[in-house]
Structures are given as C-alpha cells and as structure tokens.
Amino acid sequence: MASSPYFAAIDLGSNSFHMIIARLSNNQIEIIDREKDMVQIARGLSSQGELDQEAQARALTCLSHFAERLRDIPKSNIRAVGTKTLRAANNSDLFLQKAEANLGHSIEIISGYEEARLVYQGLSHSIVDTKRQRLVIDIGGGSTEFILGQSNTAHKLESLSMGCVAYSNLFFTEGTHPSEALNRAYMSACAELEAIRRPYLNKGWEIAFGTSGTMKAVATLLKHSDGAVIRYDDLCLLMQRLIEGDDLNDEKLPILRRAVLPAGIAIIKAICDQLNIDHIHVSDASLKDGLIHDTIGRLQHGDVREQTVKQQVTRYDIDTEQAERVNNSAMQLWQQVKQQAEQLPAVSRTKVLRWAAMLHECGLSISHSNYHKHAHYLIKHSDLAGFARFEQFCIASLLRFQRKKIRPDEFASIDSSIQAAFIPLLLCLRLSLRLNRRRETLSTKLKLRIEQGVYILSIDSGWLALNPLTRSGLLHEVTQLEAIGVHLLLEEAL
C-alpha cells in the first residue's frame, strides 16, 4: 500500500498540460486539486520534427509551477506521461532531461494504444453505467483516441494522427479562407477514419462519450446543450456558422482554446459522419484520471503490466516452467548485485528483468533461428497495455542481447547514458540462460559479486565437474561480455 493517501497525475498533452491531485480514502478517490495550462507544444513542432525553443520554454515554465504542488507527495504516488507530440519530436529526449529536472519527477512517453487505454480507465471509473457497450472519443492536440469497451474493460483501442492543434497548424494557415480550411480539415479527418470505420461499426456500441477539452468546449457553445451533450444537428449549425465566417468569440472559452476550436469542430463533424453518431455525451474524466487509477492499482497489486505479460506468455505459447527457471536464477543473481548497480531511470529494474525472463522465448513462435532477434522485434513493436515506451525498449533490448555474440556496433543502440545501468540486468539474464540450458531445476547455489569493477560468479566446483557443457558455456560467456567492456570471472568454489 502507498505510504501517503495523496496521488498526482500529470498529462503532458499536445494542447494542454494537466495535473490533478487526488486523495484515497476508504477505497474512494477524491480529486482535491487541478491545474491546467494550454502550453500547445504541438504548435512548436517544426516540419522537420523538432520541438522549438519557444514551445520548450512554455512547457518548462508550466512544469516548474506543477513541481511546487508535488513537493509533499511521495514519488511512488506520482505519474507523469507524455503523448503524441513528445512521441513524435526528434529532440524529445533532450527536452525530457530538462522537463524532468523542472518537474522533479520522471516522465514516461506512452504509445497511442496506452493513451487510449488510460482514457478509457478514467471514463469507466467515473460513470455508473456498466452494462452498455461504449464508444469513447478523446480529441487531443496531436491525436484522437477511439475506444470500444464495456464496464472497466476496453475491447478495441485505436489512436489516429489527427488533433486540434496539429490540424490548426496544417490547415488553418494565414490567408486561407475559413470554409476552405474547414473543408480540408474535415476531409483529412474522414480519410483518417477510413482505417477504423468498418471495424468499429461492425463491433457497434450503445452510447458514445467524448472526454477531451475540445468536446467540452464544443458542448459549451451549442445552443441546446447544457454542456453535457453534443447533438449532431447543433454541431452542423455550428459548422455552418464557421463556414460563414463566425469567429466564435465566446467569452466562456479561453483565447487559446478558441484558436484551435475550428479544427476540433471539423474533426468531430467527420467522426459523427463516418461513425453514424447523432449525439455524444461529454465527460469530465480523461487520461489523467485513468493515470490515477492505474497508479493506485500498481500499488495494490493490480498492476495491468503483470496481466499483459501473462497474456503474451499465453499468446506465444512460451514454456512457462523454463521461463520460471530462468526468472528464478536471474533474480537470485540480481539480488546479490543490485545495490552496487547503477539506477536505470524511470523503471523498476527488478520488474524489467523478471518480465524479460518470462518473455525471453517469445521469438520461438516465429523461428528457432535467431529467436532473440524475433523476440526483440515482437516486444518492441507490440501494443502492451500498461507499459511506457522506455520500459518496452528496455525489455526488448534485454531480449535482443540475451544470447550469442554481442556486436559492439549493435549494442550502441543502448544509449551510452544508460549502458552502465543496463549491463547488470543483461549480465544476470545471460548467465541465467547459460545455467538453465538443460531445462532442469538448478541444484546449486549461485553467488555473484562485484569487486573493483569485475563481476565474479562463484559456483560449486563439484557441480561444474558434473556439468562440463555448462562450465564451457560460462567460460565462453566471459569472452562474449568482454566485447562490450564487461569483465566477468568464473570462480570455482570448493
């Protein structure tokens, strides 16, 4: 359980940065504070994919303000995530170093799939209706997420590259007539929706929800709305007003919101037309609320990542007994050196190693030849619920270098800034695989220590004498690891 009842979630969206503070009391979550800043970092993304200095400055200022509110909340109770623009920016790694320093907390970059899952989690915990099939739509600054689900379970998740800020930059340029800009944005959104239209219509839903600031702003503008629903007929009238040159100068909306709202209206109109929607119920809950529930779930042994790994084990028909043997040996080795190993930022090293051990043979579902490379590809490019992009990268990289020769030029794909922290995990996994090649329970204790930068593996000489092939493999491992500057010594204990 958490050491404090207070939790924080920070959503670094393409249009707005959001922060909510929640309190957990008697298993009920109460939102006690909210902060929002329309940073619009998507406006600072150049055609070359670089996040400009002005957008970075706006973002860093906002995060510095957020940091003040986070001071008294334990780090384990805080989650911060970045979405579409930070996924796309070529220089996001450099920006994240500054952003994490200003926020005082690590920031996870999540996939569109994970973004959609968290949006659905936020909505599903905020409404009473549990029986009806739902369509949930979240229009962000850079992407729009579509989720079909029932109760707390999402069945279908998609993220499309269309958002109110991105479309404003693309279509609503200076000198473009409003009607032309709206038409181009609308047609582009329709084209994006073609990819999901038929599968979603075939699956069907009983009620549609909108969870974004764009949805709430549109509902606020509609004549017959109390802010809780967007009706198609009213939406068409609003679209017509824009075509005729109405600039929507409604004082109820912030100026920055008004600037990107026409693009948002065009996107909503396209969604309604392509998916045959006549009204959308507007909800206050969104990704940040889902993030709070997900964080509490992790602390209460309800970590969705554990379920995801189990699903992958089943999906790829992995030999669970062998996976557990490899996991047990890797954990035995890791527990002896983890205090001396450098920290890997933003991840639980023990969990990453365990997940890699459980999934190390997933590539066998494709081919035995070079199955470590297949495993790397499968994990790196899969939509894995609950996982941040960096976590997937770490697991996939462990699987890529789990066996055979390590080429230094390929190992350079691991950024030099984290190699020193990554190597102890890789060492434990590779040694465990060597020791468990017979696919039998090990009958010897393993001792691993670090002395003056050298890893020393101590194993009973009597056991090694009975297992000469394993001894030969371990000596070969010494040579393999030297290629990446890792010094390993095999010590035969009496």
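Details of the structure are given in the entry above.
Residues numbered from 1 in each chain as written. Predicted model: local features only at pLDDT ≥ 70, side-chain atom pairs only at ≥ 80, totals over all residues. Heavy atoms only, no water.

A.B. asks: What should I look at first to understand the pairing of strand 4 (residues 78-82) in this one?
C.D. replies: Consecutive side chains along a regular strand alternate between the two faces of the sheet. Here strand 4 lies mainly inside the structure; five of its five residues are buried. Of the two faces of strand 4, the one carrying Ile 78, Ala 80 and Gly 82 and the one carrying Arg 79 and Val 81 are both buried. Of the pairings in the sheet, the one linking strand 1 (residues 6-12) to strand 4 comprises five bridges and is parallel in character. Following the sheet pairing, Ala 9 is matched in strand 4 by Arg 79. Note: strand 4 against strand 5 (residues 108-109), two bridges, orientation parallel. Bridge assignment links Val 81 to a residue of strand 5, and that residue is Glu 108. (Buried < 20%, exposed > 50% of the residue type's maximum accessible area, 1.4 Å probe, protein only. Helix = DSSP H or I, 4+ residues; strand = E, 2+ residues; numbered from the N terminus. Pairing = 2+ DSSP bridges.)

A.B. asks: Help me understand the environment of Ala 42 in this model?
C.D. replies: By the secondary structure assignment, Ala 42 is in the loop between strand 3 (28-37) and helix 1 (53-70). Classification of Ala 42 by relative accessible area gives buried; the value is 7%. Residues Ala 42 and Ser 286 lie 244 residues apart in sequence; the distance between their C-alpha atoms is 19 Å. Those residues within four positions of Ala 42 in sequence are excluded, and the remaining contacts are Ser 14, Thr 85, Gly 141, Val 165 and Asn 169. (Contact = heavy atoms within 4.5 Å.)

A.B. asks: I keep staring at the nonpolar core and nothing clicks. Help me out?
C.D. replies: Generally speaking, nonpolar side chains in soluble globular proteins are found buried as a group. Core analysis: the biggest nonpolar cluster contains 63 residues, and Phe 411, Leu 448, Leu 457 and Ile 459 have the highest contact counts within it. It is helix 17 (residues 416-435) that provides the largest number of residues to this core, a total of 12 residues. Residues contacting Leu 457, with those up to four places away along its chain left out, are Leu 333, Leu 431, Lys 447, Leu 448, Leu 474, Leu 488, Leu 489, Leu 490 and Glu 491. Judged by nonpolar contacts, the second largest core, of 44 residues, contains Met 162, Leu 238, Leu 253 and Ile 271. (Core = buried A, V, L, I, M, F, W, Y, C linked by side-chain atoms within 4.5 Å.)

A.B. asks: Help me out: how do you make sense of the sheet that holds strand 3 in this one?
C.D. replies: By way of backbone hydrogen bonds, the strands of a sheet pair with one another, either parallel or antiparallel. Read from one edge to the other, the open sheet built from five strands follows the order 3-2-1-4-5, with strand pairing classed as mixed. Each edge of the sheet is formed by a strand with only one pairing partner; in this case those strands are strand 3 and strand 5.

A.B. asks: Could you clarify how one ought to interpret helix 15 (residues 389-400) in this entry?
C.D. replies: The α-helix winds at 3.6 residues per turn, so residues separated by three or four positions along the chain end up facing the same way. In a regular helix each residue adds 1.5 Å, so 12 residues correspond to 16 Å; helix 15 covers 16 Å between its end C-alpha atoms and thus fits that length. Buried residues dominate helix 15, accounting for nine of its 12 residues. Buried residues belonging to helix 15 abut helix 11 (304-315), helix 13 (349-359), helix 14 (371-381), helix 16 (408-411) and helix 17. (Expected span 1.5 Å × (residues − 1).)

A.B. asks: Hey, could you run me through helix 19 (residues 468-482) in this one?
C.D. replies: Between its first and last C-alpha atoms helix 19 spans 22 Å; for 15 residues at 1.5 Å apiece the expected length is 21 Å, and the two agree. Within the span of helix 19, buried status applies to Thr 470, Gly 473, Leu 474, Glu 477, Val 478, Gln 480 and Leu 481. If you follow the buried residues of helix 19, they end up packed against helix 17, strand 13 (454-460), helix 18 (461-466) and strand 14 (488-493).

A.B. asks: Looking at this structure, how should I read the pattern of salt bridges?
C.D. replies: Under the counting rule described, the total for this entry stands at 28 salt bridges. With its nearest N and O atoms 3.1 Å apart, the salt bridge here joins Arg 87 to Glu 115. Here the residue Arg 87 occupies a position in helix 2 (residues 84-88), and Glu 115 occupies one in helix 4 (residues 112-124), the gap between them amounting to 28 residues. For the pair formed by Arg 87 and Glu 115, the shared burial category is buried. One salt bridge connects Arg 400 with Glu 410, and the closest N-O pair in it is separated by 2.1 Å. One end of the pair, Arg 400, is in helix 15; the other, Glu 410, is in helix 16, and 10 residues separate them in sequence. Residue Glu 410 is classed as partly exposed on the basis of its relative accessible area of 27%. Taken together, the shared-partner salt bridges in this structure form one network comprising Arg 79, Glu 108, Glu 114, Arg 117, Asp 294, Arg 298, Asp 303, Arg 305, Lys 351 and Glu 391. (Salt bridge = Lys/Arg side-chain N within 4 Å of Asp/Glu carboxyl O.)

A.B. asks: What should I look at first to understand the packing of helix 15 against helix 17 in this one?
C.D. replies: Packed helix pairs are characterised by how far apart their axes lie and by the angle those axes make with each other. Across the interface, helix 15 lies against helix 17 with an axial gap of 10 Å and an inter-helix angle of 50°. The angle between helix 15 and helix 17 falls in the class oblique. Crossing of helix 15 against helix 17: the hand is right-handed. Contacts between helix 15 and helix 17 pair Phe 390, Phe 393, Cys 394, Ser 397 and Leu 398 from the former with Ile 418, Phe 422, Leu 425, Leu 426 and Leu 429 from the latter. Here the contact of helix 15 with helix 17 is built from residues that sort into nine nonpolar, one polar and no charged. (Axes fitted to C-alpha atoms, helices over the stretch in contact; angles between N-to-C directions. Parallel < 35°, antiparallel > 145°, perpendicular 65-115°, else oblique. Left-handed = near helix turned anticlockwise from the far one by under 90°. Nonpolar A, V, L, I, M, F, W, Y, C, P; charged D, E, K, R; others polar.)

A.B. asks: Even after reading the chapter, I still don't get the sheet that holds strand 13, so can you show me in this structure?
C.D. replies: Strands sit in the order 12-13-14 across an open sheet of three strands; the sheet is mixed. Two strands close off the open sheet at either side, each with one partner strand: strand 12 (447-451) and strand 14. Adjacent strand axes in the sheet meet at a mean angle of 25°, parallel and antiparallel pairs treated alike. Note: strand 13 against strand 14, six bridges, orientation parallel. By the bridge assignment for strand 14, Asp 460 is matched with Ala 493. Where helix 12 (residues 320-337) meets the sheet, its contacts fall on strand 12 and strand 13, and the angle it forms with strand 12 comes to roughly 30°. The strands touched by helix 17 are strand 12, strand 13 and strand 14; relative to strand 13, the strand with the most contacts, the crossing angle is about 25°.

A.B. asks: Would you mind showing me how to read the packing of helix 13 against helix 15 here?
C.D. replies: Interhelical geometry of helix 13 versus helix 15 gives an angle of 50° and a closest axis separation of 9 Å. Between helix 13 and helix 15, the angle falls in the class oblique. By crossing handedness, the relation of helix 13 to helix 15 is classed as right-handed. Of helix 15, the residues touching helix 13 (which contributes Val 352, Leu 353, Trp 355, Ala 356 and Leu 359) are Cys 394, Ile 395, Leu 398 and Leu 399. Taken together, the residues of the contact of helix 13 with helix 15 sort by class into nine nonpolar, no polar and no charged.

A.B. asks: Quick question: what am I supposed to make of the pairing of strand 11 (residues 279-282) here?
C.D. replies: Here strand 11 shows a clear split, with Ile 280 and Val 282 buried on one side and none of His 279 and His 281 buried on the other. Note: strand 9 (residues 207-210) against strand 11, two bridges, orientation parallel. Bridge pairing in strand 11 links Gly 210 to Val 282.

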